[in-house]
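In case you want the letters, here they are:
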Amino acid sequence: MSLQANRTVSYEKYHGTSNDFIIIDAADFIPNRYSFATAYCDRETGVGVDLDVGDDGHVGADGVLFLALEEQYSPPRVIMTLVQPDGSTAAMCGNGARCAAAWAAERTGSDEVMVDTQAGTRHATVNDDGSVTIEMGVPAFDPRDVPLARDDPLVEEELEGHPVTAVNTGVPHVVIFVDDADDVDLESVGPTLRYADVFPEGANVTFAAEKESGDGFDQRTYERGIEGETQSCGTGAVAVVAAAKRLGLVDDAESVTVSPPGGDLEISVPDDAPATLRGGVTHEYAGELAREPPAQS
Ligand SMILES: N[C@H](CCC[C@H](N)C(=O)O)C(=O)O
């Protein structure tokens with residue numbers, strides 16, 4: 001292999017309803033995943049800055065997914081590690097796991113994939129329409145699971161002036177129901193709740209509003225580790241439906257549409273089975289990146 005080839009690594013860029021990720025095959029050694037993610041996720045100078053990324057592409061990313069494919073299993077497995085733009089890792093990422101499943105399906109020809117995450121193994125199915133459905137575990141309100149720095153669940157209680165409900169859907173979320181999600185000044189309210197003392201590991205902050213049509217919820221999420229709003233958040237969408245069910249806002253949580261800015265997600269939170277998340281996945285572009293990104297000025 002030429003010295004030049006050894007200095008670069010191939011990547012694929014995907015998004016799930018515009019929650020976008022750089023995908024690296026974990027078999028390709030990256031000396032410093034922290035500096036790799038913080039450099040290439042940058043929205044101004046990151047991946048794709050030198051490309052015409054097109055209408056469905058984004059410069060930078062919401063994170064890097066390091067994926068280890070184990071295709072000898074049936075269904076094939078993919079071990080997923082998410083490193084976020086601030087260099088932190090997160091145990092789970094619903095949209096990221098859907099992208100990981102699509103990446104593994106393309107490499108194996110299988111339309112079923114087991115995604116191994118730090119929050120557990122999640123069964124994924126690539127549907128005939130190209131969307132991906134993934135199991136999301138059972139949402140947890142127990143303080144020890146969210147986690148919370150208190151002994152009781154946090155359900156529709158006031159925190160920093162907002163009625164909040166805290167739930168773990170693979171990662172911690174705090175959900176607030178409002179009349180109109182577009183009215184929320186997320187960039188200022190987000191950090192206040194994300195760093196509240198009651199969340200020892202922080203939390204993703206999700207505002208939700210019932211649609212006028214009555215057909216589901218609009219969603220906006222301020223994400224831990226991105227330290228800003230994302231266009232979509234899968235664990236957040238599941239958190240909305242789990243909290244809505246807990247608060248009696250939905251009768252039948254078998255299939256609820258949740259609409260972040262990036263596109264519609266279909267959520268189910270049944271009584272006796274794992275939650276599920278379904279939505280589109282798009283392969284944006286691919287290329288080569290320096291394994292060790294240029295030092296950031
Ligand atoms: N966007 C992701 C959530 C990532 C969670 C991460 N921001 C954290 O918990 O630190 C999703 O689709 O579920």
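Residues numbered from 1 in each chain as written. Predicted model: local features only at pLDDT ≥ 70, side-chain atom pairs only at ≥ 80, totals over all residues. Heavy atoms only, no water.

- The name given to the chain in an unreviewed UniProt entry is Diaminopimelate epimerase, and the organism recorded there is Halogranum amylolyticum.
- In its Subunit (unreviewed entry) section, the UniProt record describing the chain reads: "Homodimer." (UniProt positions renumbered as here; feature names shortened; annotations may be inferred.)

**What to know about the site of the ligand**
Then step 1. Near the ligand there are 14 residues, and of these Asn-204, Glu-223, Arg-224, Gly-234 and Thr-235 occur at the shortest range.
Then step 2. Here a nitrogen atom of the ligand and a side-chain polar atom of Asn-19 are 2.9 Å apart.
Then step 3. One of the side-chain nitrogen or oxygen atoms of Gln-84 is found 2.9 Å away from an oxygen atom of the ligand.
Then step 4. Computed on the free molecule, the ligand has an accessible area of 360 Å², of which 99% lies beneath the protein chains in the complex.
Then step 5. For the shell around the ligand, the secondary-structure elements that each account for two or more residues are helix H3 (94-108) and helix H5 (234-246).
Then step 6. Classifying every residue of the shell around the ligand by side-chain character gives 5 nonpolar, 7 polar and 2 charged.
Then step 7. The residue makeup of the shell around the ligand includes at least three contributed by each of domain 1 (3-136 + 281-290) and domain 2 (139-272). (Near = heavy atom within 4 Å. Polar contact = N/O pair within 3.5 Å; in protein donor to acceptor, adjacent residues only side chain to side chain. Areas by Shrake-Rupley, 256 points an atom, 1.4 Å probe, with all protein chains shown as cover. Helix = DSSP H or I, 4+ residues; strand = E, 2+ residues; numbered from the N terminus. Nonpolar A, V, L, I, M, F, W, Y, C, P; charged D, E, K, R; others polar. Domains from an automatic or database assignment.)

**Some details on the pattern of salt bridges**
Then step 1. In the structure shown here, the tally under the stated rule is 12 salt bridges.
Then step 2. For Lys-13, the salt bridge identified is with Asp-20, shortest N-O distance 2.7 Å.
Then step 3. You can call Lys-13 buried: its relative accessible area is 0%.
Then step 4. The exposure class assigned to Asp-20 is buried, which follows from its relative accessible area of 0%.
Then step 5. Asp-271 is paired through a salt bridge with Lys-245; the nearest N and O atoms lie 2.6 Å apart. Of the two residues, Asp-271 is situated in the loop between strand S16 (265-268) and strand S17 (276-279) and Lys-245 in helix H5; the sequence distance between them amounts to 26 residues.
Then step 6. Relative accessible area serves as the criterion here: at 72%, Asp-271 is assigned to the exposed category.
Then step 7. For Lys-245, a relative accessible area of 26% puts it in the partly exposed group.
Then step 8. Through salt bridges that share partners, Lys-13, Asp-20, Arg-43, Asp-62 and Glu-284 make up one connected network. (Salt bridge = Lys/Arg side-chain N within 4 Å of Asp/Glu carboxyl O. Buried < 20%, exposed > 50% of the residue type's maximum accessible area, 1.4 Å probe, protein only.)

**Description of unusual backbone geometry**
Then step 1. Cis geometry is found at the peptide bond from Ser-74 to Pro-75, where omega equals 0 degrees.
Then step 2. Within the fold, Pro-75 resides in the loop between strand S3 (64-70) and strand S4 (77-83).
Then step 3. Val-146 connects to Pro-147 through a cis peptide bond whose omega is -5 degrees.
Then step 4. With respect to the element layout, Pro-147 can be found in the loop between strand S8 (132-135) and strand S9 (157-159).

**Notes on the environment of Gly-94**
Then step 1. Along the polypeptide, Gly-94 turns up in helix H3.
Then step 2. Other than its neighbours up to four places away in sequence, Gly-94 contacts Ile-134, Met-136, Gly-234, Thr-235 and Leu-277. (Contact = heavy atoms within 4.5 Å.)

**Some points on the environment of Ala-239**
Then step 1. By the element assignment, Ala-239 lies in helix H5.
Then step 2. Sequence separation between Ala-239 and Asp-151 is 88 residues, and the spatial gap between their C-alpha atoms is 20 Å.
Then step 3. In contact with Ala-239, other than residues within four places in its own chain, are Val-167, Thr-169, His-173 and Val-175.

**Some remarks on the nonpolar core**
Then step 1. Counting 44 residues, the largest nonpolar core has Leu-65, Leu-67, Val-78, Met-80, Val-115 and Ile-267 as its most contacted members.
Then step 2. A domain-level breakdown of this core finds at least three residues from each of domain 1 (3-136 + 281-290) and domain 2 (139-272).
Then step 3. With residues up to four places along the chain from it excluded, the contact list for Leu-65 reads Phe-21, Ile-22, Ile-23, Ile-24, Met-80, Thr-81, Leu-82, Gly-96 and Cys-99. (Core = buried A, V, L, I, M, F, W, Y, C linked by side-chain atoms within 4.5 Å.)

**Description of the domain arrangement of the chain**
Then step 1. Entries for the chain in the domain assignment read domain 1 (3-136 + 281-290) and domain 2 (139-272).
Then step 2. Centre-to-centre separation of domain 1 and domain 2, based on C-alpha positions: 24 Å.
Then step 3. Contacts between the two partners involve 17 residues from domain 1, matched on the other side by 19 residues from domain 2.
Then step 4. Both sides of the domain 1 and domain 2 interface together cover about 1200 Å² of buried area, and 55% of this is carbon and sulfur.
Then step 5. It is Thr-17, Gln-84 and Met-136 in domain 1 that bury the most area against domain 2; as a group they hold 39% of the surface buried on that side. (Buried area = accessible area lost by both parts, 1.4 Å probe.)

**Comments concerning the UniProt feature "active site" (unreviewed entry) in the chain**
Then step 1. UniProt's feature table lists "active site" (unreviewed entry) at Cys-93 and Cys-233, given in the numbering used throughout. Annotated residues spanning 141 residues; largest pairwise C-alpha distance 7.9 Å, indicating a single compact cluster.
Then step 2. With residues near it in sequence (within four places) discarded, Cys-93 still touches Phe-21, Met-80 and Leu-82.
Then step 3. Position of Cys-233 relative to the elements: it lies in the loop between strand S14 (228-230) and H5.
Then step 4. Excluding residues that lie within four positions of it along the chain, Cys-233 makes contacts with Asn-19, Asn-95, His-173, Gln-219, Thr-221, Glu-223 and Leu-265.

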